[in-house]
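Structure at a glance
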Amino acid sequence: MSTPCCASPHCVECAIGPSMLASDLSNLSSNAKSVIAAGADELHLDVMDGHFVPNITWGAPVIKCLRKSVGEDAYFDCHMMVSSPSQWVKDIADAGGSRYCFHLEAALTDSNINSSVVELCKLIRSCGMEVGVALKPGTDVSAVRDFVSLVDMVLVMTVEPGFGGQKFMPNMMPKVVHLRDTFPNLNIQVDGGLSPSTIDVAAKAGANSIVAGSAVFKAADKEEVILGLRNTVERLGMGRKEGELTKKVKTRGAEVGVLVAGLMFFAGKYM
Amino acid sequence: MKLIIATIVVTVSTVAGFHHAFVPTAATSSTTSTSLRALYGEPRPVQIIPSVLPADFGKLGADCAALEAAGCDRIQFDVMDGNFVPNLTFGPDTIKWCRGYTGLPFETQLMVSEKCTDAMLPQFTECTKGPNGEPGVVIVHVEACTHLHRALSNIRAQGGSPSVALNPHTPAEMIENVLDLVDHVLVMTVNPGFGGQAYIPTMTEKIRKIRKWVVDRNLDIDIEVDGGIKATKETIGACAEAGANCFIAGSGLFAYEDMAQGVKELTAMAKEGQGLKA
């Protein structure tokens, strides 16, 4: 039974996407590889142009360098906080973006000719990327309803976009609940102030895709934080029992250790 | 007969001598003060300043350290906001993180709109500072500043070293009235936005014009050039001879396997342009 803050359990797989904005920006490749090794499903890349939000972060040239260093398999979730979303689609696709998540507010005021939300989604897909649409805190969830069938993901911002390290806004959860109840199979992402202390609320509301910045990059054990966030979504959002939760990712060393132990056992037994 | 021949020889030699004195030299660099195209005024120290645009943005810090090891004088960060120029690069936080990897002075070229310049100038001035808070070079574009005098004054007040840049089409006269406020003037020798472009030769005269103002008014100003600068007479040589002494090199430096060698070659060619021995 849903309440304003709790959605019914869903079956949409959890995705954890650490935000690279919280890492050492002069050492992006190394930081990206370390969170992927720690279990991150996606890399969340905040593209800010100083106009849609009062900050500039990076654009396609940086993403291109990152793609070259982390390889083809990593999933790049490009969160486009730019005033003209249609302007960068091809550049981001060429640079290696996997998902192009534009802000609905920017798309509706994009000054480019013929850039309706429908056309924008078509353009993104034609360039081989998945489509996401994001809502700022002040935008009502009803504004996105007509576009959900065109996108792969909806991002509900839980802070005012522009800077990392801000405080999570729990009053955004009714938006998440409404989306989860209306579209049970939708990929719903939350971004802003997510951490072990705020994840319960987001998971109960039905968010399955979690962007966490400082909570991951400032953690002593990134793998533990990522797994903790994942398990909370599985437990509180998907209704899984303890025994069904994802376990710690086995390290390559541990796998080799098990193999060697097994070989030694059989060698000792039969020789 | 011998007298007539001698007279003819002397006359021809004299005429040839006069001819040599009055025909303008075609060379773009000259070491004599009697040449019509020599450097105006005393040469200022040559500085080779790489742009990070061709660097690996996945490890920008390490690349900055490598540039310091190669003997560069300063590092230029090309900030582009996708509005003033059709490219989006990076912002103040990236520059701030790079500070941890090198002690070299920084310069930040703000190829951003007026809105961005006004809103973010303090942040850019701050992140461009040296390891001990020394003023960093902050370059605003004349085309992006309705109130350029105020913007340059603000950079100084906030602890930065003010510089103003001009796009290729912008006449030198646009900055004539703010020369007293700046430590540098940046003459763009390509249209800003992307690396790897070719030097625009018509910019050489603009450099020469600004240099004359600087020398005649006895101002302590470096003239910087950015765009298509390579270790050739036609680019760095021509700019040095016209009066530039700071040279931004992007692809022109990163093309070298050994960047220290690149810095040496660029410096030598620039000094030759100034009429100095390398």
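Per an unreviewed UniProt entry, the recorded name for chain B is ribulose-phosphate 3-epimerase, and the organism is Triparma strigata. According to the UniProt record, the Catalytic activity (unreviewed entry) comment for chain B reads "D-ribulose 5-phosphate = D-xylulose 5-phosphate". Recorded in UniProt under Sequence similarities (unreviewed entry), the annotation for chain B is "Belongs to the ribulose-phosphate 3-epimerase family."

For chain A, an unreviewed UniProt entry supplies the name Ribulose-phosphate 3-epimerase and the organism Triparma strigata. The record in UniProt for chain A states the following under Sequence similarities (unreviewed entry): "Belongs to the ribulose-phosphate 3-epimerase family." Looking at chain A in UniProt, the text filed under Catalytic activity (unreviewed entry) is "D-ribulose 5-phosphate = D-xylulose 5-phosphate".

Reports often express the size of an interface as the amount of accessible area lost when the parts come together. Contacts between chain A and chain B engage 26 residues on the former and 30 residues on the latter. When chain A packs against chain B, the two sides together hide about 2,100 Å² of surface, and 57% of this comes from carbon and sulfur. For the chain A face of the interface with chain B, the top three residues by lost area are Ser26(A), His51(A) and Ile56(A), together amounting to 32%. If you look at where chain A meets chain B, you find 0 salt bridges. On inspection of chain A and its partner chain B, the count reaches 11 residue pairs in polar contact (both at pLDDT 80 or more). Sorting the residues of the side of chain A that touches chain B by element identifies α1 (28–37), β2 (43–48) and α2 (60–70) of chain A as the ones contributing at least two each. Top element by residues in the side of chain A that touches chain B is α2(A). It accounts for 4 residues. Residues of the side of chain A that touches chain B, tallied by class, amount to 13 nonpolar, 11 polar and 2 charged.

What follows is about the UniProt feature "binding site: substrate" (unreviewed entry) in chain A. Residues and elements named next belong to chain A. In the numbering used here, UniProt assigns the "binding site: substrate" (unreviewed entry) feature to Ser 19, His 79, Gly 162, Phe 163, Gly 164, Gly 165, Gly 193, Gly 213 and Ser 214. Topologically, Ser 19 is positioned in the loop between β1 (15–18) and α1. Mapped onto the secondary structure, Gly 164 falls in the loop between β6 (153–157) and α6 (173–182). On the basis of relative accessible area, Gly 164 is assigned to the exposed category, the value being 55%.

A word on the sheet that holds strand β7 (residues 187–191) of chain A. Residue and element names in this part refer to chain A. The 8 strands lie next to each other as β1-β8-β7-β6-β5-β4-β3-β2, forming an open sheet whose pairing is parallel. Since the sheet does not close on itself, it has two edges, and those belong to β1 and β2, each with one partner. Here the strands of the sheet are splayed against their neighbours by 25° on average, with no regard to which way each runs. Packed onto the sheet, α2 meets β2 and β3 (76–81) and runs at close to 170° relative to β3. Contacting β5 (130–135), β6 and β7, α6 runs over the sheet at an angle of about 170° to β7.

All names here are of chain B. The strand order β1-β8-β7-β6-β5-β4-β3-β2 describes an open sheet built from 8 strands, whose pairing is parallel. Edge strands, defined here as strands with exactly one partner in the open sheet, are β1 (47–50) and β2 (75–80). Along the sheet, successive strands turn relative to each other by an average axial angle of 25°, direction set aside. Here strand β4 (residues 137–141) pairs with strand β5 (residues 161–166) via 5 bridges, running parallel. In the strand pairing of β5, Val 140 is matched with Val 164.

Residues and elements named next belong to chain B. Helix α7 (residues 233–242) packs onto helix α6 (residues 203–216) with a crossing angle of 25° between their chain directions and a minimal axis gap of 8 Å. Taken together, α6 and α7 sit at an angle that is classed as roughly parallel. Crossing handedness for the pair α6 and α7: right-handed. Counted together, Thr 204, Ile 207, Arg 208 and Arg 211 of α6 and Ala 238, Cys 239, Glu 241 and Ala 242 of α7 form the full contact between these two elements.

What follows is about the packing of aromatic side chains. Throughout the structure, instances matching the rule amount to 3 aromatic pairs over all chains. Seen in terms of ring centroids, Phe77(B) and Phe90(B) are 6.1 Å apart; in terms of plane orientation they differ by 85°. Their pairing is edge-to-face. Here Phe90(B) lies in the loop between β2 and α3 (92–98) and Phe77(B) lies in strand β2, a separation of 13 residues in the sequence. Phe90(B) shares its class with Phe77(B); the two are buried. The aromatic ring of Phe76(A) is capped on one face by Arg67(A), whose charged end is 3.9 Å from the ring centroid. When the ring centre of Phe106(B) is taken as origin, the NZ or CZ atom of Arg99(B), which lies over that ring, is 3.8 Å away.

Here the focus is the pairing of strand β3 (residues 106–111) of chain B. Residues and elements named next belong to chain B. With respect to burial, β3 is a largely interior element, 6 of its 6 residues being buried. Going residue by residue along β3, you find Phe 106, Thr 108 and Leu 110 tucked away on one face and Glu 107, Gln 109 and Met 111 tucked away on the opposite face as well. The pairing of β2 with β3 spans 6 bridges and is parallel. Paired with Phe 77 across the bridge in β3 is Thr 108. Once you follow β2 into α3 and on to β3, the crossover reads as right-handed. As defined by bridge partners, β3 adjoins β4 across 4 bridges and the pair is classed as parallel.

How each quantity is defined
Residues numbered from 1 in each chain as written. Chains lettered and ligands numbered in written order. Predicted model: local features only at pLDDT ≥ 70, side-chain atom pairs only at ≥ 80, totals over all residues. Heavy atoms only, no water. UniProt positions renumbered as here; feature names shortened; annotations may be inferred. Contact = heavy atoms within 4.5 Å. Buried area = accessible area lost by both parts, 1.4 Å probe. Salt bridge = Lys/Arg side-chain N within 4 Å of Asp/Glu carboxyl O. Polar contact = N/O pair within 3.5 Å; in protein donor to acceptor, adjacent residues only side chain to side chain. Helix = DSSP H or I, 4+ residues; strand = E, 2+ residues; numbered from the N terminus. Nonpolar A, V, L, I, M, F, W, Y, C, P; charged D, E, K, R; others polar. Buried < 20%, exposed > 50% of the residue type's maximum accessible area, 1.4 Å probe, protein only. Pairing = 2+ DSSP bridges. Axes fitted to C-alpha atoms, helices over the stretch in contact; angles between N-to-C directions. Parallel < 35°, antiparallel > 145°, perpendicular 65-115°, else oblique. Left-handed = near helix turned anticlockwise from the far one by under 90°. Phe/Tyr/Trp six-rings, centres within 6.5 Å; stacked < 30°, edge-to-face > 60°. Lys NZ or Arg CZ within 6 Å of the ring centre and 35° of its normal. Right-handed = clockwise from strand over helix to strand, strands pointing away.

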